[in-house]
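Topology and contacts: notes
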Amino acid sequence: MLDTTLPSELRALKGVGPKVEQALNRLGLFSLRDLLFHLPARYEDRTTLVNIADSKPGLLQLFQGEITSQTTIPGRRMQAVLTFEDVSGAARIRLFHFSRAYLATLKAASSVRVFGEPRVYQGVTEFIHPEISVFKSEPPPLDDTLTPIYPNTEGLSQPKIRAIVQQALNKGPDFFSLEELLDQDYTKHQPTLWKALTAVHQPSRNLPATAFIERLAFEELLAHRLLLLTRREDYTRLKSPQLKTIKNHNRSMITKALPFDLTNAQSTVIREIDGDLTRGHPMLRLLQGDVGSGKTLVAALSALPVIEAGFQVALMAPTELLSEQHASQFSEWFSPLDISVGWLTGSMKIRPRRAILEHLANGKCQMVIGTHALFQDEIYFHRLGLVIVDEQHRFGVAQRLLLREKGQNLTPHQLIMTATPIPRTLAMTHFADLDISVIDELPPGRTPVDTRILNQSRATEITDRLDTQFDEGGQAYWVCTLIEETEQSVSEAAESRVEKLKQQLPHRRIGLVHGRMKTDEKSEIMTAFASGALDLLVATTVIEVGVNVPNANIMVIENPERLGLAQLHQLRGRVGRGARVSFCILLAGDSISQQSRERLSLLKNTNDGFELAEADLRLRGPGDVTGTRQTGELSFKVADLSQHAHLLDQIASLSETIRLNHGETRDQLIERWIGHEEHFVNV
Ligand code: ADP
Ligand code: MG
């Protein structure tokens, strides 16, 4: 822990008072060394002037000229509109925050420099709130290097943080004793760490050379991997329920009653899980299988031996809807075996809730299914042996750790199931603390979903098509997506869509399900749809995950361009579960960009979730795929998986050597690159 009574290293720097120090701490910066490893997120180029006539829309560029006119436009929000001219032409500048005094300063200026991202609006080049520097006389010479832009926080301006980092750099390499921690083999032909660090903090006119970035990325990726491997090692020291043998009797009771055989992939995965359960330390396994690959059954068959050994199993689903579906599926499988199945969600009435809590605490309930309500503080398990998390799209480290708290002196095993494919690069970096199993085949007899992109103007044609399908006994989902960011507006959109569809298809049975409905209402509608009592189900993305109605064979998705590919693939996975030919119709809005259209056509061209995840990773970055963008967890400073994947093999083997033989090096690397972030992950 840090000793806060000592004056910190940071306070000794020029310009660092208590406020600034706090701001630095918020960025995870506590020492001079931390500053050294606080790397620029990007660079800005203020080394060259661009003519207004040659400006490129959407790029940050530097211009120099004069403000030749200004007017203010009253309105809900007062605007100032300036004309900015240089030798080549003119542009408009719009300001929304300004004072009279500021406008006067602009008027008095002999010249200005404008740094901003122009756009072309109604044929005119314009800037919205660019950065403007005002000069009364001859402007100073231009910068002769790129400007590093640091991740910052409130209370710290860019110039301020640059000046602070610069002071750390001025201490020189000896101050930091940055002995090269890496194996000679690797560093022999590489720039030294100091060289690489100074190159990124103090770039020239050009971006730092690849060799410098790679030198840093290598160490950073290595440090992250070492942290995860260490965590995994810690995990193996914990005790968990150890099954002496795996009994197969009950399993075969279930599988014999099924109208199909397990796929080879399912059997393999179950063997892998059995192996984990018979060791004395907790399983931490990620099971990846594309939508429809049969993960639920694997969950059930994994739960059985744990229950037979006298432990409880909890299955957590991300939505109430899915948890209910699982509860009824598990009851169907387990009740004949005299295994008691319970269901727990957040919206449950007091009395049934109290009953289930009691049964969890005294062990009467052997298999419980629920939402994250299962892991609230006031819930006690008698002997929790296995936690299964279904349809996990978000893999926060904190979540992984949360679940292990519920097992008292034994840490429960954990099985995390996801349809989100894990590209190798992520498996080797973000998920290096997990074992990974993959169900790499779909059950036989599935027909691939035929995906079409249609314009919204063709909605009527689609209702005709639906009508025909209903005649043939099919069923359909109609999904309304977020138009604005609130749950309310999407529910309303769904409601008005239902009204329209009821007018267009008056003879059809149409239901509605959305997030603002009560649990009972939702499940009533879902049951009706599953039993075939409804032809068409209009829904929000509450049905995105896990819902299984094999007879449904058409899915219409409105505004699909608003969703990520992985999410669309999930949604589409609700159809194509039976023998009927299935369709997914992407109803694209009128104004979708060429880029969105291309993204959607990826979906049209492949049913392979793995390919789609790789594309998402490429187009949207790992933060979206792993769900860690929001939390900022495990985000890299320099490493970029799309550029540095080729380093990963070497990192993997080196990390093994370091972990086994060089504990001190390991700790230093982690401290250097991840430092204080690690403390908060471990709490
Ligand atoms: P997911 O992996 O998306 O969770 P589910 O577990 O919901 O998939 O399974 C999808 C459908 O496939 C279910 O109707 C299930 O009964 C069926 N299923 C599971 N395993 C097999 C199999 N080996 N052969 C045929 N159908 C299977
Ligand atoms: Mg599922």
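Model, not experiment: these values are computed from the prediction.

Now for the packing of helix 12 (residues 320-334) against helix 18 (residues 519-530). It is at 10 Å that the axes of helix 12 and helix 18 come closest, and there the two elements cross at 60°. Considering their axes alone, helix 12 and helix 18 lie oblique with respect to each other. In this structure, helix 12 crosses over helix 18, and the sense of that crossing is right-handed. Residues Glu320, Leu321 and Glu324 of helix 12 lie in contact with helix 18, whose contacting residues are Thr519, Lys522, Ser523 and Met526. Tallied by class, residues from the contact of helix 12 with helix 18 come to two nonpolar, two polar and three charged.

A few words on the domain arrangement of the protein chain. Under the domain assignment used here, the protein chain contains domain 1 (10-43 + 150-208), domain 2 (48-142), domain 3 (249-439) and domain 4 (450-606). A C-alpha centroid distance of 29 Å is found between domain 3 and domain 4. The partner domain 4 presents 17 residues to the 16 residues of domain 3 that form the contact. Between domain 3 and domain 4, the buried area comes to about 1200 Å², and carbon and sulfur atoms account for 58% of it.

The N-to-C vectors of helix 10 (residues 264-277) and helix 11 (residues 295-308) enclose an angle of 30°; their axes lie 10 Å apart at closest approach. The angle between helix 10 and helix 11 places the two elements in the roughly parallel class. Considering the relative orientation of helix 10 and helix 11, their crossing is right-handed. For the pair helix 10 and helix 11, contact is made by Gln266, Val269, Ile270, Ile273 and Leu277 and by Leu297, Val298, Leu301, Ser302, Pro305 and Val306, respectively. Classifying every residue of the contact of helix 10 with helix 11 gives nine nonpolar, two polar and no charged.

A few words now on the pairing of strand 21 (residues 552-558). In the case of a regular strand, side chains alternate between the two sheet surfaces. Counting buried residues along strand 21, seven of its seven residues qualify, which places the element largely inside the surrounding structure. Where strand 18 (residues 475-479) lies against strand 21, five bridges are found, and the strand directions are parallel. Bridging from a neighbouring strand, Tyr477 pairs with Met555 of strand 21. Inspection of the sheet shows strand 21 paired to strand 22 (residues 583-588) by five bridges, in the parallel sense. Bridged to Glu558 within strand 22 is Leu587. Each parallel crossover has a hand, and the one from strand 21 via helix 19 (residues 565-572) to strand 22 is right-handed.

The next subject is the nonpolar core. One finds Leu24, Leu35, Leu216, Val368 and Trp673 to be the most contacted residues of the largest nonpolar core, which totals 76 residues. Looking at which element gives the most residues to this core, the answer is helix 8 (residues 210-236), with nine residues. When residues are assigned to domains, this core turns out to be shared by domain 1 (10-43 + 150-208) and domain 3 (249-439), each giving three or more. In contact with Val368, not counting residues within four places along its chain, are Val313, Ala314, Leu315, Gly342, Trp343, Leu344, Ile356, Leu360, Leu374 and Phe381.

Take the sheet that holds strand 8 (residues 131-135) next. The strands that make up a sheet are held in pairs by hydrogen bonds between backbone atoms, and each pair lies either parallel or antiparallel. As summarised here, the arrangement of the seven strands in space is 6-7-4-3-2-5-8, forming an open sheet in which the pairing is mixed. Edge positions in the open sheet fall to strand 6 (119-121) and strand 8, since each of these has one partner strand only. Across this sheet, the average inter-strand angle for adjacent strands is 40°, counted without regard to direction. Bridge analysis of strand 5 (residues 111-116) against strand 8 gives five bridges, and the strand direction is antiparallel. Bridge pairing in strand 8 places Arg113 opposite Ser133.

What follows concerns the site of ligand 1. Close to ligand 1 lie 16 residues, the nearest being Asp261, Gly292, Lys295, Thr296 and Arg446. Taking Gly294, its main chain carries an N or O atom lying 3.0 Å from an oxygen atom of ligand 1. Between Asn548 and ligand 1, the recorded distance is 3.0 Å, taken from a side-chain N or O atom to an oxygen atom. Protein chains shield 88% of the accessible area of ligand 1, which is 570 Å² for the free molecule.

What the seven strands build is an open sheet, ordered 12-13-11-14-15-10-16; its pairing is parallel. Each edge of the open sheet carries a strand with a single partner, namely strand 12 (341-344) and strand 16 (435-439). This sheet shows a mean twist of 20° between the axes of neighbouring strands, independent of strand direction. Pairing geometry for strand 14 (residues 384-389) and strand 15 (residues 413-418), over four bridges, is parallel. Looking at strand 15, one finds that Ile388 is bridged to Leu415. Running over the sheet, helix 10 touches strand 10 (284-289), strand 15 and strand 16 and is turned about 160° from strand 16.

Calculation criteria
As a convention, each chain's residues are numbered from 1 in the sequence order in which they are written. As they are written, the chains are lettered A onward and the ligands numbered 1 onward, keeping that order. Whole-chain, interface and lining totals are the exception, using all residues; otherwise, since this is a predicted model, local features are given only for residues with pLDDT of at least 70 and side-chain atom pairs are given and counted only at 80 or more. Side-chain calculation: all heavy atoms of the structure are included, whereas hydrogens and water are not. Lines fitted to C-alpha atoms define the axes here, with helix axes fitted over just the stretch in contact, and angles between the N-to-C directions of these axes take values from 0 to 180 degrees. The secondary structure listing takes helices from DSSP runs of H or I that are at least 4 residues long and strands from runs of E that are at least 2 residues long, numbered from the N terminus. Roughly parallel refers to an angle under 35 degrees, roughly antiparallel to one over 145, roughly perpendicular to one between 65 and 115, and oblique to any angle outside these ranges. Throughout, a crossing is termed right-handed when the near helix is turned clockwise from the far one, and left-handed when it is turned anticlockwise from it by less than a right angle. Contact criterion: two residues are considered in contact whenever any of their non-hydrogen atoms come within 4.5 Å of each other. We call Asp, Glu, Lys and Arg charged. Ala, Val, Leu, Ile, Met, Phe, Trp, Tyr, Cys and Pro are nonpolar, and the rest, Gly among them, are polar. Throughout, the edges of the domains are those of an automatic or database domain assignment. Buried area is understood as the total, over both parts, of accessible area removed when two parts are fitted together, assessed with a 1.4 Å probe. Burial classes follow relative accessibility: with a 1.4 Å probe on protein chains only, a residue under 20% of its type's maximum area counts as buried, one over 50% as exposed, and anything between as partly exposed. Here, any two strands with at least 2 DSSP bridges between them count as paired. Crossovers are described as right-handed under a simple rule: with the strands pointing away from the observer, the path leading from the first strand over the helix to the second runs clockwise. In this text, buried Ala, Val, Leu, Ile, Met, Phe, Trp, Tyr and Cys residues form a nonpolar core when linked through side-chain atoms within 4.5 Å. We call a residue near a molecule or strand whenever a single non-hydrogen atom of that residue lies within 4 Å of it. Nitrogen and oxygen atoms within 3.5 Å of one another constitute a polar contact, given that in protein one can donate a hydrogen and the other can accept it, and given that sequence-neighbouring residues count only through two side-chain atoms. Note on areas: Shrake-Rupley with a 1.4 Å probe; residue coverage comes only from the protein chains shown.

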